[in-house]
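A structural walkthrough
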Amino acid sequence: MKKLIASWVLVVVVLCNASVAQAEWRYELSTDDFTDEKIHAAWNYGSRSSLGQRSFAAASCKGESLSAYFYFGEFITNKQGVMGAQFRIADEDPDSYDLPAFPIFGNFDTEGTTFIVADSIADTILKMMYFSGYDSNPSEKWKIKQLKLRISNYKGTQLTREFPLDSAKEAIGKVFEACNYKPE
(Lines give C-alpha, C1' and ligand atoms only; values in the text may rest on other atoms or scores of the structure.)
Protein backbone atom coordinates (compact mmCIF):
# COMPACT_ATOMS: atom_id res chain seq x y z
CA MET A 1 0.00 0.00 0.00
CA LYS A 2 2.85 2.38 0.84
CA LYS A 3 4.40 1.82 -2.60
CA LEU A 4 1.06 2.52 -4.28
CA ILE A 5 0.66 5.79 -2.34
CA ALA A 6 4.26 6.78 -3.11
CA SER A 7 3.69 5.95 -6.79
CA TRP A 8 0.65 8.17 -7.01
CA VAL A 9 2.35 11.01 -5.13
CA LEU A 10 5.17 10.85 -7.67
CA VAL A 11 2.77 10.71 -10.63
CA VAL A 12 0.79 13.69 -9.29
CA VAL A 13 3.98 15.74 -8.76
CA VAL A 14 5.11 15.08 -12.32
CA LEU A 15 1.71 15.62 -13.93
CA CYS A 16 1.19 18.88 -12.03
CA ASN A 17 4.37 20.15 -13.64
CA ALA A 18 3.42 18.80 -17.08
CA SER A 19 2.38 22.20 -18.41
CA VAL A 20 6.03 23.24 -18.78
CA ALA A 21 8.00 21.42 -21.48
CA GLN A 22 11.44 20.35 -20.25
CA ALA A 23 14.61 19.27 -21.93
CA GLU A 24 16.47 18.77 -18.65
CA TRP A 25 15.96 16.41 -15.79
CA ARG A 26 14.47 17.90 -12.63
CA TYR A 27 14.96 16.93 -9.01
CA GLU A 28 12.13 17.39 -6.51
CA LEU A 29 11.67 16.62 -2.84
CA SER A 30 8.16 15.96 -1.57
CA THR A 31 6.58 14.43 1.51
CA ASP A 32 4.18 11.49 1.59
CA ASP A 33 0.96 12.99 2.98
CA PHE A 34 0.11 9.83 4.86
CA THR A 35 3.45 8.68 6.34
CA ASP A 36 5.34 12.01 6.32
CA GLU A 37 8.30 10.21 4.70
CA LYS A 38 10.47 12.21 2.31
CA ILE A 39 10.27 11.23 -1.36
CA HIS A 40 13.21 12.24 -3.55
CA ALA A 41 12.47 12.18 -7.27
CA ALA A 42 14.26 12.95 -10.52
CA TRP A 43 12.23 13.07 -13.72
CA ASN A 44 12.07 14.19 -17.31
CA TYR A 45 9.62 14.11 -20.18
CA GLY A 46 10.00 11.72 -23.08
CA SER A 47 8.41 11.22 -26.49
CA ARG A 48 4.67 11.62 -27.02
CA SER A 49 2.17 8.77 -27.16
CA SER A 50 -0.03 8.16 -30.21
CA LEU A 51 -2.68 10.13 -28.30
CA GLY A 52 -0.37 13.14 -27.99
CA GLN A 53 0.33 12.64 -24.27
CA ARG A 54 3.87 13.28 -23.06
CA SER A 55 5.58 10.28 -21.51
CA PHE A 56 7.98 10.63 -18.60
CA ALA A 57 10.69 8.71 -16.79
CA ALA A 58 11.29 9.12 -13.07
CA ALA A 59 13.69 7.83 -10.44
CA SER A 60 12.57 7.91 -6.84
CA CYS A 61 13.85 7.13 -3.39
CA LYS A 62 11.67 6.64 -0.35
CA GLY A 63 13.53 5.52 2.73
CA GLU A 64 16.37 3.59 1.14
CA SER A 65 14.29 2.00 -1.61
CA LEU A 66 14.98 2.99 -5.24
CA SER A 67 12.30 2.76 -7.92
CA ALA A 68 12.07 3.74 -11.59
CA TYR A 69 8.80 4.75 -13.25
CA PHE A 70 8.09 4.97 -16.97
CA TYR A 71 4.76 6.62 -17.83
CA PHE A 72 3.69 5.78 -21.40
CA GLY A 73 0.84 8.28 -21.82
CA GLU A 74 -1.66 5.62 -22.87
CA PHE A 75 -3.23 2.41 -21.60
CA ILE A 76 -0.99 -0.63 -21.94
CA THR A 77 -2.51 -3.41 -19.84
CA ASN A 78 -4.66 -4.13 -16.84
CA LYS A 79 -2.80 -7.38 -16.10
CA GLN A 80 -1.20 -7.45 -12.70
CA GLY A 81 2.01 -9.28 -11.99
CA VAL A 82 5.43 -9.13 -13.51
CA MET A 83 5.63 -7.87 -17.09
CA GLY A 84 8.61 -7.71 -19.41
CA ALA A 85 9.95 -4.81 -21.44
CA GLN A 86 13.03 -4.07 -23.51
CA PHE A 87 15.34 -1.33 -22.33
CA ARG A 88 18.12 0.30 -24.33
CA ILE A 89 20.38 3.23 -23.67
CA ALA A 90 21.15 4.47 -27.15
CA ASP A 91 22.52 7.26 -29.25
CA GLU A 92 20.07 9.28 -31.32
CA ASP A 93 21.53 7.69 -34.44
CA PRO A 94 19.72 4.31 -34.76
CA ASP A 95 22.77 2.73 -36.38
CA SER A 96 25.16 3.39 -33.48
CA TYR A 97 23.79 1.61 -30.43
CA ASP A 98 26.30 1.32 -27.66
CA LEU A 99 24.42 -1.35 -25.71
CA PRO A 100 22.06 -4.03 -27.02
CA ALA A 101 18.47 -4.04 -25.86
CA PHE A 102 17.90 -6.28 -22.88
CA PRO A 103 14.78 -7.46 -21.06
CA ILE A 104 13.67 -6.00 -17.76
CA PHE A 105 10.78 -7.01 -15.56
CA GLY A 106 8.45 -4.86 -13.52
CA ASN A 107 4.81 -4.17 -12.77
CA PHE A 108 2.17 -1.76 -14.00
CA ASP A 109 0.28 0.71 -11.87
CA THR A 110 -3.45 0.15 -11.39
CA GLU A 111 -4.28 2.46 -14.31
CA GLY A 112 -2.16 0.38 -16.69
CA THR A 113 -0.15 3.36 -17.98
CA THR A 114 3.05 3.34 -15.88
CA PHE A 115 5.72 0.63 -15.89
CA ILE A 116 7.37 0.38 -12.46
CA VAL A 117 10.66 -1.33 -11.63
CA ALA A 118 12.16 -1.58 -8.17
CA ASP A 119 15.00 -3.05 -6.14
CA SER A 120 17.99 -4.50 -8.03
CA ILE A 121 16.41 -3.93 -11.46
CA ALA A 122 15.84 -0.25 -10.66
CA ASP A 123 19.43 -0.11 -9.35
CA THR A 124 20.77 -1.39 -12.66
CA ILE A 125 18.63 0.84 -14.89
CA LEU A 126 19.19 3.99 -12.84
CA LYS A 127 22.92 3.33 -12.64
CA MET A 128 23.08 2.99 -16.44
CA MET A 129 21.09 6.21 -16.84
CA TYR A 130 23.35 7.96 -14.32
CA PHE A 131 26.58 6.97 -16.01
CA SER A 132 25.20 7.58 -19.53
CA GLY A 133 23.63 10.96 -18.84
CA TYR A 134 25.31 14.26 -19.44
CA ASP A 135 26.20 16.40 -16.48
CA SER A 136 26.67 20.13 -16.97
CA ASN A 137 29.36 19.48 -19.62
CA PRO A 138 27.82 17.69 -22.63
CA SER A 139 31.05 17.90 -24.64
CA GLU A 140 32.07 14.37 -23.65
CA LYS A 141 31.36 12.62 -26.94
CA TRP A 142 31.04 9.12 -25.47
CA LYS A 143 28.01 10.12 -23.44
CA ILE A 144 24.76 8.63 -24.70
CA LYS A 145 21.81 10.89 -25.39
CA GLN A 146 18.71 8.83 -24.69
CA LEU A 147 17.03 5.86 -23.10
CA LYS A 148 14.54 3.78 -25.09
CA LEU A 149 11.90 1.54 -23.56
CA ARG A 150 9.71 -0.82 -25.60
CA ILE A 151 6.75 -2.78 -24.32
CA SER A 152 3.81 -4.60 -25.90
CA ASN A 153 0.33 -3.35 -25.07
CA TYR A 154 -2.79 -5.45 -24.54
CA LYS A 155 -3.27 -5.73 -28.33
CA GLY A 156 0.29 -6.98 -28.86
CA THR A 157 1.37 -3.68 -30.45
CA GLN A 158 4.89 -2.67 -29.50
CA LEU A 159 5.14 0.82 -28.03
CA THR A 160 8.49 2.59 -27.78
CA ARG A 161 9.22 5.68 -25.72
CA GLU A 162 12.41 7.70 -25.76
CA PHE A 163 13.69 9.72 -22.81
CA PRO A 164 16.57 12.21 -23.07
CA LEU A 165 19.48 11.74 -20.68
CA ASP A 166 20.74 15.34 -20.75
CA SER A 167 21.35 16.39 -17.12
CA ALA A 168 20.21 12.96 -15.85
CA LYS A 169 23.48 12.46 -13.99
CA GLU A 170 23.00 15.47 -11.72
CA ALA A 171 19.31 14.83 -10.94
CA ILE A 172 19.60 11.05 -10.48
CA GLY A 173 22.76 11.64 -8.44
CA LYS A 174 20.68 13.61 -5.92
CA VAL A 175 18.25 10.69 -5.65
CA PHE A 176 21.16 8.28 -5.11
CA GLU A 177 22.58 10.56 -2.43
CA ALA A 178 19.21 10.69 -0.63
CA CYS A 179 19.11 6.87 -0.64
CA ASN A 180 22.72 6.57 0.57
CA TYR A 181 23.43 4.72 -2.68
CA LYS A 182 26.93 4.85 -4.14
CA PRO A 183 26.93 4.02 -7.86
CA GLU A 184 30.06 2.25 -8.99
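Rules used throughout
- Residues numbered from 1 in each chain as written.
- Predicted model: local features only at pLDDT ≥ 70, side-chain atom pairs only at ≥ 80, totals over all residues.
- Heavy atoms only, no water.
- Salt bridge = Lys/Arg side-chain N within 4 Å of Asp/Glu carboxyl O.
- Buried < 20%, exposed > 50% of the residue type's maximum accessible area, 1.4 Å probe, protein only.
- Core = buried A, V, L, I, M, F, W, Y, C linked by side-chain atoms within 4.5 Å.
- Helix = DSSP H or I, 4+ residues; strand = E, 2+ residues; numbered from the N terminus.
- Contact = heavy atoms within 4.5 Å.
- Pairing = 2+ DSSP bridges.

Taken as a whole and assessed by the stated rule, the structure comprises five salt bridges. Close ionic contact of Glu 28 with Arg 26 constitutes a salt bridge, the shortest N to O distance being 3.9 Å. The exposure class of Arg 26 is partly exposed, given its relative accessible area of 27%. Through salt bridges with shared partners, a single network forms among Asp 32, Glu 37 and Lys 62.

This next bit is on the nonpolar core. Nonpolar side chains in soluble globular proteins tend to end up buried together. Formed by 37 residues in total, the largest nonpolar core has its most connected members in Trp 25, Phe 70, Phe 87, Phe 115, Met 129, Leu 149 and Ile 172. Considering every element that reaches this core, the biggest residue donor is helix H2 (residues 119-132), with six residues. Ignoring sequence-local partners within four residues, the contact set of Trp 25 consists of Ala 42, Trp 43, Asn 44, Ala 57, Met 129, Pro 164, Leu 165, Asp 166, Ser 167, Ala 168, Ala 171 and Ile 172. Listed in part, the seven residues of the second largest apolar core include Tyr 45, Tyr 69, Tyr 71 and Ile 116.

In the sheet, strand E1 (residues 26-31) pairs with strand E2 (residues 38-48) via six bridges, with the strands oriented antiparallel. Note on E2: the bridge partner recorded for Ser 30 is Ile 39. Counting the residues between successive antiparallel strands, the hairpin from E1 to E2 contains six residues, one of them, Asp 36, with a positive phi of roughly 65°.

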